[in-house]
Amino acid sequence: MRGFARRGTRRLAVVVAAALAVGTTAVAATGSGLDFGRKRTGSAAGGSRPLETATVTRQTLVERKTVDGTLGYGDATVVADRVGGTLTALPPVGQTVARGQALFRVDDEPTVLLYGRLPAYRDLAPGTEGPDVRQFEENLRKLGYTGFTVDDEYTTATATAVERWQEDLGLPGTGSVELGRVAYADGTVRVASHEAAVGTLLKPGEPVLSHTGTTRVVTVDLEVTDRTMARTGAAVTCTLPSGTATPGKVISTETVVVPADGKDQESETRLRVTVGVTDAKALAGLDEATVPVAFTASQRESVLAVPVAALLALAEGGYGLQVVENDAVRIVPVETGLFAEGRVEVSGAGVAEGTTVGMPS
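Basis of the calculations
Residues numbered from 1 in each chain as written. Predicted model: local features only at pLDDT ≥ 70, side-chain atom pairs only at ≥ 80, totals over all residues. Heavy atoms only, no water. Phe/Tyr/Trp six-rings, centres within 6.5 Å; stacked < 30°, edge-to-face > 60°. Helix = DSSP H or I, 4+ residues; strand = E, 2+ residues; numbered from the N terminus. Buried < 20%, exposed > 50% of the residue type's maximum accessible area, 1.4 Å probe, protein only. Lys NZ or Arg CZ within 6 Å of the ring centre and 35° of its normal. Core = buried A, V, L, I, M, F, W, Y, C linked by side-chain atoms within 4.5 Å. Contact = heavy atoms within 4.5 Å. Salt bridge = Lys/Arg side-chain N within 4 Å of Asp/Glu carboxyl O.

**What to know about the packing of aromatic side chains**
Here's step 1: Under the defined criterion, the tally for this structure stands at one aromatic pair.
Here's step 2: When the ring of F136 is compared with that of W165, the centres are 5.7 Å apart and the planes differ by 70 degrees; the resulting orientation is edge-to-face. Taken together, the residues F136 in helix α2 (residues 131-142) and W165 in helix α3 (residues 156-169) connect sequence positions 29 residues apart.
Here's step 3: Here F136 falls in the buried class, since its relative accessible area comes to 1%.
Here's step 4: Above the ring of F148, the side-chain terminus of R141 is found at 4.9 Å from the ring centroid.

**Some points on the nonpolar core**
The nonpolar side chains of a soluble globular protein tend to be buried, and buried together.
Here's step 1: Within the largest apolar cluster, 20 residues are counted, with the highest numbers of intra-cluster contacts made by V218, L222, V273, V275, V293 and F295.
Here's step 2: Going through the elements one at a time, β5 (57-72), β15 (217-222), β16 (235-239), β18 (268-277) and β19 (289-307) are the ones with two or more residues in this core.
Here's step 3: When sequence neighbours within four positions are dropped, the list of residues in contact with V218 reads G69, T70, L71, V273, T274, V275, V277, V291 and V293.

**Regarding the environment of V256**
Here's step 1: Looking at the secondary structure, you find V256 in strand β17 (residues 245-258).
Here's step 2: With 12 residues separating them in the primary sequence, V256 and E268 have C-alpha atoms 8.3 Å apart.

**Comments concerning the pattern of salt bridges**
Here's step 1: Tallied over the full model, the rule gives 13 salt bridges.
Here's step 2: Ionic pairing is found between R181 and E109, a salt bridge with its closest N-O pair at 3.2 Å. Residue R181 is found in the loop between α3 and β11 (182-185), and its partner E109 is found in strand β10 (residues 109-115); the two are separated by 72 residues along the sequence.
Here's step 3: Of the residues examined, R181 reaches a relative accessible area of 6% and is grouped as buried.
Here's step 4: Across the pair E223 and R270 runs a salt bridge, and its minimum N-O distance is 2.8 Å. Residue E223 is located in the loop between β15 and β16, and its partner R270 is located in strand β18; the two are separated by 47 residues in the primary sequence.
Here's step 5: Note on E223: relative accessible area 39%, which makes it partly exposed.
Here's step 6: Where salt bridges share partners, they join D75, D221 and R272 into one cluster.

**As for the environment of L338**
Here's step 1: Tracing the chain through its elements places L338 in strand β22 (residues 328-340).
Here's step 2: The exposure class assigned to L338 is buried, which follows from its relative accessible area of 12%.
Here's step 3: Sequence separation of L338 and E63 is 275 residues, and the distance between their C-alpha atoms is 7.6 Å.
Here's step 4: With sequence-adjacent residues up to four places away left out, L338 is seen in contact with L61, V62, E63, S298, Q299, R300, R343, V344 and E345.

That is the geometry; function is a separate question.
This is the structure we're talking about:
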């Protein structure tokens, strides 16, 4: 082994640069923490101990990819008028609208917000059957109207309850729900923009306003190939404008087509990720901002790791470490694995937890 150490030392090339650790990717190490166990010893002249050493640790390495996101209220949904007439009232931008309240008014008659995933697509009247009937009846019941059974059938009992609801809204009590009288959303919404001005003569299908959810979220566009690190429920770390790091998690993902910015560019397919910040209080005072989001790209648990700067590039190829034992130094070839925040996973004969290795200067 001593002969190998002398020959290996002569063959050593440059010290591996810290830039080996994944380009612009931000990374993190957990387990033993970021105390690399580096210490200074005596002279490194000849075959004696190097000036600086580190300890091989067993820890979890986490490689992170950080991408800038946008803090806001998520993607906006545009609502169009389905009836036609003069737009007579709009809630101001930023106002919230809850179940049973008017999103806007056309000819002084409201289009009412209800909760549900299925959009309104037809008139509802006695004899109509389907899941849209159940969805409407569930909302009617939540608004306090009774006397009917919540099911897939629109009955005369449903019509009677609808008449009471219409009268309370100031509408003619027809007992039927015309298309355009209600609009559905997942829950309470926040008005994001006005797509038409009060006084506009609308044709059916013309956009009136857009809305978002009421919870502030961070929206990030990723490469489609990054789908595995942005699974729903995945933990992330968000860095706020103040520099504070706060935890979050992936709420949802969807594939979107981002239009080209110029005529010489092509549209791109991206993975749009919605991230929720765990501590909503951390967002106090913030409305819109750029928020870097760190996703876990790779993770290796309970592996041996050393500082990247401890690696030596061997002339015959591959990498090695200077293993320090008492006053002797020998070169041990190693296989490298994951790089993470200045540390690298290593394995090989002669390398174990607690081994002292040199830090070439």
